[in-house]
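# Observations on the three-dimensional arrangement
Listed here are the chains, written in short residue letters.
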Amino acid sequence: MADAVELEAAGRTVRLSSPDRVFFPERGFTKLDLARYYLAVGPGILRALRNRPTTLERYPEGVGGESFFQKRAPKNMPDWIPTAHIAFPSGRSADEMCPTEVAAVLWAAQFGTLTFHPWPVRRDDVDRPDELRIDLDPQPGTDYADAVRAAHELREVLHEYGDLRGFPKTSGGRGLHVFVPIEPRWTFTQVRRAAIAVGRELERRMPDQVTTAWWKEERGEKIFVDYNQTARDRTIASAYSVRPRPHAPVSAPLTWDEVGEAVPRDFDLATMPARFAELGDVHADMDEHAYSLEALLELATRDEHDHGLGDLPYPPEYPKMPGEPKRVQPSRAKKES
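No experiment lies behind these values; they were computed from the predicted model shown. (Residues numbered from 1 in each chain as written. Predicted model: local features only at pLDDT ≥ 70, side-chain atom pairs only at ≥ 80, totals over all residues. Heavy atoms only, no water.)

A pair of packed helices can be characterised by two numbers: the angle between their axes and the separation between those axes. In the contact formed by helix α5 (residues 188–205) and helix α7 (residues 294–307), the axes pass within 8 Å of each other and the chain directions differ by 70°. Taken together, α5 and α7 sit at an angle that is classed as roughly perpendicular. The way α5 lies across α7 gives a crossing that is left-handed. Contacts between α5 and α7 involve Q190, R193, A194, A197, V198, R200, E201 and R204 on the former and, on the latter, L296, L297, L299, A300, T301, D303 and E304. (Axes fitted to C-alpha atoms, helices over the stretch in contact; angles between N-to-C directions. Helix = DSSP H or I, 4+ residues; strand = E, 2+ residues; numbered from the N terminus. Parallel < 35°, antiparallel > 145°, perpendicular 65-115°, else oblique. Left-handed = near helix turned anticlockwise from the far one by under 90°. Contact = heavy atoms within 4.5 Å.)

The structure is reproduced here in C-alpha cells:
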C-alpha cells in the first residue's frame, strides 16, 4: 500500500491515507481516484452540499466491503467543517456535518464516503426545506426510459402549477430525480403535501405509467413517485455523488434537452470529470431561484375537498402522523377484516 498523499483544495490540504486501496474492483478505481474525482467536480458537488446537513454513506473497504450511513458528525472531524443540529422523527437529534468547501468532501472521501446525502435544508434553518425533491423510481417491469417519459410530463405539471422549474438528474441507478428550489417558507409536512399533489396530478395524466401507491403490492409495472423522500430525515443522493455499484456510476445533473438523450451508463467516475471540464455544472444557477409552493398546495386542497384525497402513509419508522391513513399493508388489512 502506498504512503499517504496530500491533496489541496482552495488552499486547504487534506491528507489521504492508503491512496492505492481499491474501492471499485471491477474498474480498478482507488481511493485516490475517488478523491481526485471529487476534486475535479468540486464546484458542482459543493453547490449541491453547501451548508446542508449531510449524511455520509461510507464504504471504508470499497464497494465489496461493509458499509454504513453516518448521520452524526465524526468525532475526528476537523473544526473547520461546520455542523448543524437536526432533529429526527424519533425525537432524537444529532449534529451533522455541513460542507462549505471542497476540502470537506475530500476529507469525507478519505474515510470511504462514496455517496453524500444532503438534507433539503440549510444549516441556518433546519426545519424549512428550500428544495422540493421529486423521486421517479422505476418499479420491476419498468426502466429508465419509462422514468424519462414521466419526467417530461412532470416538467409540464411543474410549469402549470406555479411556473416552477425543475432541475433533473440521474439517480445513478435506473431512476430520475427532479429538484425544484423553493422559498424556505414551508414545513417538511407541507413540502411533502406538495410532493403528493405533484404525484397525484402526474398519476392522473399517466394512469398506466405512474403511481403514488406506497405499498409495493399495489404499484404494478409503473414509475413510483416516492413522495416520502420529502419527509423529515429522508434524503436523496446529491448531484455528482458516486453510487456504490460495481461500475462506479454517478448521479449526473442534466439539462432537459439531455433527458431522454443521455442514459445513466454515460456517467461514471471516469467520464464525469471530462464532462464537467467541458460544460461545468449544468445546474450552476439553481441557487439563483426560489419558487413558491402555493399553487401546488392549493392543488392539494382541491384534491382533498373535491376528490376526498387526503394524506398518504408515512414510512414505517415514523410516528403516527395527524390525518395519516392506516399504515397497514392492504393484503394484510383484508385478512384482518
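Our next topic: the UniProt feature "domain: DNA ligase D polymerase" (unreviewed entry) in the protein. Mapped onto this numbering, the UniProt entry annotates "domain: DNA ligase D polymerase" (unreviewed entry) at residues 30–282. A distance of 27 Å separates the end C-alpha atoms of residues 30–282, which is 28% helix and 19% strand. (UniProt positions renumbered as here; feature names shortened; annotations may be inferred.)

The next subject is the domain arrangement of the protein. Split by domain assignment, the protein resolves into domain 1 (5–124) and domain 2 (131–234 + 289–307). Taking only C-alpha atoms, the centre of domain 1 and the centre of domain 2 are 28 Å apart. With nine residues of domain 1 at the contact, the number on the domain 2 side is five residues. Together, the buried faces of domain 1 and domain 2 total about 750 Å²; carbon and sulfur atoms form 51% of this surface. Counting the surface domain 1 buries against domain 2, the share from its top three residues, P89, W119 and P120, is 57%. (Domains from an automatic or database assignment. Buried area = accessible area lost by both parts, 1.4 Å probe.)

We now examine the side chain of T212. For T212, the location among the structural elements is in the loop between β13 (210–211) and β14 (223–225). Look at T212 and you get buried, because its relative accessible area is 8%. Among the polar contacts made by the side chain of T212, one reaches the side chain of E203 at a distance of 2.8 Å. Those residues in contact with T212 that lie beyond four places of it in its chain are G199, R200, E203, F224, V225, Y227 and L312. (Buried < 20%, exposed > 50% of the residue type's maximum accessible area, 1.4 Å probe, protein only. Polar contact = N/O pair within 3.5 Å; in protein donor to acceptor, adjacent residues only side chain to side chain.)

Glancing now at the sheet that holds β13. Ordered by their spatial adjacency, five strands build an open sheet running β11-β12-β10-β14-β13, and the pairing between neighbours is mixed. Sheet topology places β11 (167–170) and β13 at the edges, where each strand pairs with a single neighbour. Note: β13 against β14, two bridges, orientation parallel. Of the residues in β14, the one forming a bridge with V210 is I223. Lying on the sheet, helix α4 (residues 144–160) is in contact with β10 (131–138), β11, β12 (176–181), β13 and β14; it crosses β12 at an angle near 20°. (Pairing = 2+ DSSP bridges.)

Another point: the pairing of strand β2 (residues 12–16). It is a general feature of regular strands that their side chains alternate between the two faces of the sheet. Both strand β1 (residues 5–9) and β2 contribute to a ladder of five bridges, which runs antiparallel. Counted as the bridge partner of V5 is L16 from β2.

Next up on the list: unusual backbone geometry. Phi is positive for N51, which is not a glycine, with a value near 65°. Locating N51 in the fold gives a position in the loop between α2 (42–49) and β5 (54–58). Exposure remark for N51: the relative accessible area of 23% places this residue in the partly exposed category.

Counting residues in each nonpolar core, the largest one holds 86 residues, and the members touching the most others are Y37, Y38, L132, I134, L136, L293 and L296. Each of two domains, domain 1 (5–124) and domain 2 (131–234 + 289–307), supplies a minimum of three residues to this core. Residues contacting L293, with those up to four places away along its chain left out, are L132, I182, W186, V191 and A194. One finds I86, F88, C98 and W119 within the second-largest nonpolar core, a separate group that totals nine residues. (Core = buried A, V, L, I, M, F, W, Y, C linked by side-chain atoms within 4.5 Å.)

Moving on: the pattern of salt bridges. All chains considered together, the criterion is met by 25 salt bridges. The partner of R192 in a salt bridge is D311, with the nearest N and O atoms 2.7 Å apart. With R192 in helix α5 and D311 in the loop between α7 and α8 (330–336), this residue pair connects regions lying 119 residues apart in the sequence. For R192, a relative accessible area of 2% gives the class buried. Note that E317 and R234 form a salt bridge whose closest N and O atoms lie 3.1 Å from each other. One end of the pair, E317, is in the loop between α7 and α8; the other, R234, is in the loop between β14 and α6 (272–279), and 83 residues separate them in sequence. Overall, E317 belongs to the partly exposed group, its relative accessible area being 48%. One network of salt bridges, with partners in common, ties together R52, R122, D130, E131, R133 and D287. (Salt bridge = Lys/Arg side-chain N within 4 Å of Asp/Glu carboxyl O.)

On to the environment of V250. Position of V250 relative to the elements: it lies in the loop between β14 and α6. On the basis of relative accessibility, which here comes to 0%, the residue V250 falls in the buried class. C-alpha of V250 to C-alpha of P140: the two residues are 110 residues apart in sequence and 22 Å apart in space. With residues up to four places along the chain from it excluded, the contact list for V250 reads Y37, T170, G172, Y240, S241, V242, F267, D268, L269 and M272.

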